[in-house]
Amino acid sequence: MKKGAGGSLAIVVAPDGGWGWVVVFAAFYCNVVVDGIIYSFGMLMNDMVNTFHEPESKITVVGSLLNGFYLIAGPFVSALLNSVDFRSITIIGSVISCIAFVSAAYVESLYQLMFCYGFIGGIGFSMVYVSAVLIPGFYFDKWRALATGIAVCGSGIGTFVLAPLNALLVENYGWRVTIMVQAGLALSCAGAGILFRPLKPTIVEVPTINPVVMEPKLPEDEPLLTKSITAERKMSLDSKHNAVKIGAPTAEEIYNHLSGRLTPETRPTSISCHSLNTHNQYLKDRLSPDLPEKKLSAVSLRRPSVSAHLMDRDDRFFGGSLSRLPQYSSQVSSLNYAMSVTRIPAWNDAEEGDDEEPCSKNNSFRKNMKKYYKSAMHTLMTMLDFSILASPSFFVLTCSGFLTMLGFFVPFMYISEKAVSMGMDKNVAVWLVSATGLTNTFGRVICGWISSYESIDPILVNNLSLTFGGLYTVLLPFLPYSVFSYYLYASLFGFSMACFASLRSTMIVELTGLELLTNAFGVLLMFQGVAAAVGSPLLGLFKDWTGTYDMSFYLSGIILTMSAVICYPLRRVKKWEDNRKLRRPNSV
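None of these values were measured; they are calculated from a predicted model.

*Asks:* Tell me about the overall build of the protein, and please be specific about residues and values.
*Replies:* When helices and strands are counted, the protein shows 26 helices and four strands. The 588 residues of the protein split such that 55% are buried. Contacts spanning at least 24 positions in sequence make up 86% of the contacts within the protein whose residues lie at least 6 apart. Surface summary for the protein: the accessible area is close to 24800 Å², and the carbon and sulfur share equals 64%.

*Asks:* Give me the packing of helix H18 (residues 410-421) against helix H22 (residues 483-502): which residues, what numbers.
*Replies:* Close contact between H18 and H22 brings their axes to 12 Å; oriented N to C, the two are set at 175°. Taken together, the axes of H18 and H22 lie roughly antiparallel to each other. Every residue of H22 that contacts H18 at Pro-411, Phe-412, Ile-415, Lys-418 and Ala-419 is listed here: Tyr-486, Tyr-489 and Phe-493. Classifying every residue of the contact of H18 with H22 gives seven nonpolar, no polar and one charged.

*Asks:* Quick one: what's the story with the environment of Val-509, residue by residue and with numbers?
*Replies:* Note that Val-509 resides in helix H23 (residues 504-512). Separated by 184 residues in sequence, Val-509 and Leu-325 have C-alpha atoms that sit 8.7 Å apart.

*Asks:* Got a sec to walk through unusual backbone geometry? Specific residues and values, please.
*Replies:* Phi is positive for Asp-16, close to 55°, though the residue is something other than glycine. Within the secondary structure, Asp-16 is located in the loop between strand E1 (7-11) and helix H1 (20-39). Look at His-53: it is not a glycine, yet its phi comes out positive at around 55°. Position of His-53 among the secondary structure elements: in the loop between helix H2 (42-52) and helix H3 (56-72).

*Asks:* Outline helix H4 (residues 74-83), supporting the account with residue identities and numerical values.
*Replies:* Within H4, eight of the 10 residues are buried, which leaves it mostly tucked inside the rest of the structure. Within H4, the full set of buried residues consists of Gly-74, Pro-75, Val-77, Ser-78, Ala-79, Leu-81, Asn-82 and Ser-83.

*Asks:* I'd love a proper account of a nonpolar patch on the surface, names of residues and values included.
*Replies:* Residues Leu-438, Phe-442, Val-445, Ile-446, Trp-449, Tyr-453 and Phe-495 make up a contiguous nonpolar surface patch of roughly 690 Å² in combined accessible area. For the nonpolar patch, the element with the most residues is helix H20 (residues 431-450), which contributes five residues. Mapping Trp-449 onto the fold places it in helix H20. With a relative accessible area of 54%, Trp-449 lands in the exposed category.

*Asks:* Could you give an account of the environment of Arg-197, naming the residues involved and the relevant values?
*Replies:* Looking at where Arg-197 falls in the secondary structure, it is placed in the loop between helix H9 (175-194) and strand E2 (202-206). Overall, Arg-197 belongs to the partly exposed group, its relative accessible area being 40%. For Arg-197 and Asp-85, which are 112 residues apart along the polypeptide, the C-alpha to C-alpha distance reads 9.0 Å. Those residues in contact with Arg-197, other than ones at most four positions away along the chain, are Trp-19, Arg-87 and Tyr-139.

*Asks:* How would you summarise the packing of aromatic side chains if you had to cite specific residues and measurements?
*Replies:* Here the distance between the centres and the angle between the planes together describe a pair of aromatic rings. Here the structure, examined in full by the defined rule, presents 25 aromatic pairs. Considering the side-chain rings of Phe-409 and Phe-412, the 6.4 Å spacing of their centres and the 55° angle between planes classify their relative orientation as tilted. Neither Phe-409 nor Phe-412 differs from the other in exposure class; each is buried. Here Phe-478 and Tyr-554 contribute two aromatic rings whose centre-to-centre distance is 5.2 Å and whose plane-to-plane angle is 35°, an arrangement assigned as tilted. Of this pair, Phe-478 sits in the loop between helix H21 (458-475) and H22 while Tyr-554 sits in helix H25 (residues 550-565), and the two are 76 residues apart along the sequence.

*Asks:* Tell me what's going on with the pattern of salt bridges, and back it up with residues and numbers.
*Replies:* A full pass over the atoms with the stated rule returns six salt bridges. The salt bridge involving Glu-54 is made with Lys-58; its shortest N-O contact spans 3.7 Å. Overall, Glu-54 belongs to the partly exposed group, its relative accessible area being 25%. With its nearest N and O atoms 2.8 Å apart, the salt bridge here joins Asp-457 to Arg-571. Residue Asp-457 is located in the loop between H20 and H21, and its partner Arg-571 is located in helix H26 (residues 570-583); the two are separated by 114 residues in the primary sequence. With a relative accessible area of 35%, Arg-571 lands in the partly exposed category. Each member of the salt-bridge network shares a partner with another, and the members are Asp-457, Glu-510 and Arg-571.

*Asks:* Which residues make up the side chain of Asp-141, and what values do they have?
*Replies:* Relative to the elements of secondary structure, Asp-141 occurs in the loop between helix H6 (110-139) and helix H7 (144-152). Aside from chain neighbours lying at most four places away, what touches Asp-141 is Ala-14, Asp-16, Arg-313, Leu-322, Tyr-328, Ser-334 and Tyr-337.

*Asks:* Account for the side chain of Asp-16, with residues named and values stated.
*Replies:* The side chain of Asp-16 sits in the buried core without any salt bridge; Arg-144 is the nearest counter-charge, 7.5 Å away. Of the polar contacts made by the side chain of Asp-16, one reaches the backbone nitrogen of Trp-143; its length is 3.4 Å. Not counting the four nearest positions on each side in its chain, Asp-16 is found in contact with Tyr-139, Phe-140, Asp-141, Lys-142, Trp-143 and Ser-334.

*Asks:* Can you lay out the nonpolar core for me, pointing to particular residues and giving the numbers?
*Replies:* Buried together is how nonpolar side chains tend to be arranged in soluble globular proteins. Judged by nonpolar contacts, the single largest core of 127 residues is most densely connected at Met-48, Phe-101, Leu-113, Tyr-117, Phe-125 and Ile-179. Ranked by residues supplied to this core, first place goes to H6 with 15 residues. Counting 11 residues, the second-largest nonpolar core is a separate cluster that includes Val-204, Ala-251, Tyr-255 and Ile-344.

*Asks:* Run through the environment of Ala-498, naming residues and quoting values.
*Replies:* Along the chain, Ala-498 falls in helix H22. With relative accessibility at 0%, the residue Ala-498 sits in the buried group. When the C-alpha atoms of Ala-498 and Leu-466 are compared, they prove to be 9.6 Å apart, with 32 residues separating the residues in sequence. With sequence-adjacent residues up to four places away left out, Ala-498 is seen in contact with Asn-440, Gly-443 and Arg-444.

What counts and how
- Residues numbered from 1 in each chain as written.
- Predicted model: local features only at pLDDT ≥ 70, side-chain atom pairs only at ≥ 80, totals over all residues.
- Heavy atoms only, no water.
- Helix = DSSP H or I, 4+ residues; strand = E, 2+ residues; numbered from the N terminus.
- Buried < 20%, exposed > 50% of the residue type's maximum accessible area, 1.4 Å probe, protein only.
- Contact = heavy atoms within 4.5 Å.
- Areas by Shrake-Rupley, 256 points an atom, 1.4 Å probe, with all protein chains shown as cover.
- Axes fitted to C-alpha atoms, helices over the stretch in contact; angles between N-to-C directions.
- Parallel < 35°, antiparallel > 145°, perpendicular 65-115°, else oblique.
- Nonpolar A, V, L, I, M, F, W, Y, C, P; charged D, E, K, R; others polar.
- Patch = residues over 30% accessible without salt bridge, like charges linked within 9 Å, V, L, I, M, F, W, Y side chains within 5 Å.
- Salt bridge = Lys/Arg side-chain N within 4 Å of Asp/Glu carboxyl O.
- Phe/Tyr/Trp six-rings, centres within 6.5 Å; stacked < 30°, edge-to-face > 60°.
- Lys, Arg positive; Asp, Glu negative; His and termini not counted.
- Polar contact = N/O pair within 3.5 Å; in protein donor to acceptor, adjacent residues only side chain to side chain.
- Core = buried A, V, L, I, M, F, W, Y, C linked by side-chain atoms within 4.5 Å.

Next comes the structure, spelled out in structure tokens:
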């Protein structure tokens, strides 16, 4: 890539409105279905126990696999999103989960149910869930916190609606018909996915300096960036650590390089919203044999149209208010912000010139598949780089996330059955999970609102919410039984757990910075997914051994409290880590 060569960059800029609100409510619906089905699995367990004649802890594995794999598959789904688009992934995921649930309704073995409903269904739900959670952030910058908050509130509403619905269906028709209804709901997410219209890129025209009229001597498809990064091309990678973790300059830095201006104050000003093919048509017109001009500017012939891929953004997993990010508050427009957080990997080649010798369809297919593979693997390798665990502060956060998910699903799975065992009417007990979902919705809204203030410490809010949620769970078996005490617990637990879900990306950015958010989020998803898959069955074993749910709730509460306690000194750990880096400036 030559300094001052000019060119054009294709950047996705959030429109902050318009069709984006349709996308938000479509994402809301997807979360209603996915999380509603996941959190209300406890309504099916008793009927499954009677069908398979297996202990309850073993039946719980079915729901836990669904919980776990919709998180574990997150990094892999994100990799696919970088090669395809939100609409296609959502539709494919809804079809996969629908087929998985229909198959699960006809199985005769518990292990077949685990595979179809838990494993395959979890992967399908992950494709829907990841798309629904991420897409509001691509349509909104200024209103991102609000848009994302509305979308994820579907989780609580889904729990509120589907828990009693599943209980009603199971009571009247059995768990097999209930799963068939869930299959229909999963397929309906494809309709919502159709509304996930891909955003057209904004073309940023990069001015050139001192164009030279000459015959081109370099091939038209020379890559904008090569894998052998020279000193001139190593623009933003100020350390070996960042070179490994980030691996690419931002679109803003490429703009400054191509325009011959390397000062950070330089901002793109000339833009036009049109397709990438516009530039190719421009070249075609300039190369027409009817034109008398024979010698053309090398800049015109080699203007690279470089398109940033969907997930090549530092903020793709950030769902909080962008006002907390210095990258956003320091910019003057959405375009400037988008360019400052969008990265162009080395394998993003320039568009091929139209005068290139035509290639066969097979060669074109192989080239496209290679491009898709590189795009997906770039995202996957970034998200699953476990070397980030060498950061003490992030390691503590990961351990806390693992413990949280280990005890998180126990109340959702067992609260209704525990209440019935204590004497509560079954028709009253089915609404306990709904109460948890309803207060969880309010908690997400309130937590998202207060976290937008810079004076609020998201790590402290998270720690307090987990502490209270854990203490409530530990105390529940000690409380004298009453309908009020159980509904009070369900409401307080749902409200407390809302902060953990809402502040996850914000806490990561506080500890690692926005540049490493993708890496950190992927690793955290893997650990939380494993914990979700094993937590409820493991703690459910104590019910089989003791005959009551008390020990399961004791351990769940203790684990949740521990997940908060180890995070209380997190600020001190981060400060010590930063001081250590200052003393060892050359360390990786």
